[in-house]
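Each chain, written out:
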Amino acid sequence: MTKRIHASEKATELIKILQAKHGDLMFYQAGGCCEGTQPQCFEKGGFYQRMGDVCIGTIENTEFWVDKDLFEYWKHAHFTLDVIDAFGVGGFSLETPLKKTFQIEYRIFTEAEELELEAVTYIQ
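What counts as what
Residues numbered from 1 in each chain as written. Predicted model: local features only at pLDDT ≥ 70, side-chain atom pairs only at ≥ 80, totals over all residues. Heavy atoms only, no water. Helix = DSSP H or I, 4+ residues; strand = E, 2+ residues; numbered from the N terminus. Rg over C-alpha atoms; globule rule 2.2 N^0.38 Å. Contact = heavy atoms within 4.5 Å. Areas by Shrake-Rupley, 256 points an atom, 1.4 Å probe, with all protein chains shown as cover. Buried < 20%, exposed > 50% of the residue type's maximum accessible area, 1.4 Å probe, protein only. Pairing = 2+ DSSP bridges.

(A) Local environment of the overall build of the chain. Helix and strand counts for the chain come out as 3 helices and 8 strands. Overall, the chain shows an N-to-C arrangement of helices and strands of β-α-β-β-β-β-α-β-β-α-β. Compactness check: the chain gives a C-alpha radius of gyration of 14 Å against a globular reference of 14 Å for 124 residues, within 12% of the reference. For the chain, the spread of C-alpha atoms along the three principal axes comes to 40 × 30 × 25 Å. For the chain, contacts bridging at least 24 residues in sequence account for 63% of all contacts bridging at least 6. For the chain, the exposed area adds up to about 7100 Å²; of that, 55% sits on carbon and sulfur atoms.

As structure tokens, then:
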């Protein structure tokens, strides 16, 4: 199966730090402006998904949820979660006090990858 999301080593390390401090986590990425343009990390249950939102996979046992409209736009793309040394927009994400910001890099799936895509979960 082709996974829809992976994480860089730096992102994985930061997730583990945040899990040690906050417990179970979740990611949510909206397609809107400002803080919605970057993935936001919350304590699990700290953000309520909307009907039709999509879980595209997990990283370090942490679900990565995407706004339903963003998923429709990017459903043919692989997401790579990374982290940079910067203060993120909005300041709502758990990594902000550490002066870090999660970000996503996209690439289009190959035809072979498209045939083997991992299933997603939708909020009903």
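The discussion continues.
(B) Region of interest: the pairing of strand β5 (residues 62-66). Of all the 5 residues making up β5, 4 are buried; the element is thus mostly covered by neighbouring parts of the structure. In the sheet, strand β4 (residues 54-59) pairs with β5 via 5 bridges, with the strands oriented antiparallel. Its bridge partner lying in β5, Val 54 is registered against Val 66. If you look at the hairpin formed by β4 and β5, you'll find 2 residues sitting between the two strands, and Glu 60 has a positive phi there, around 50°.

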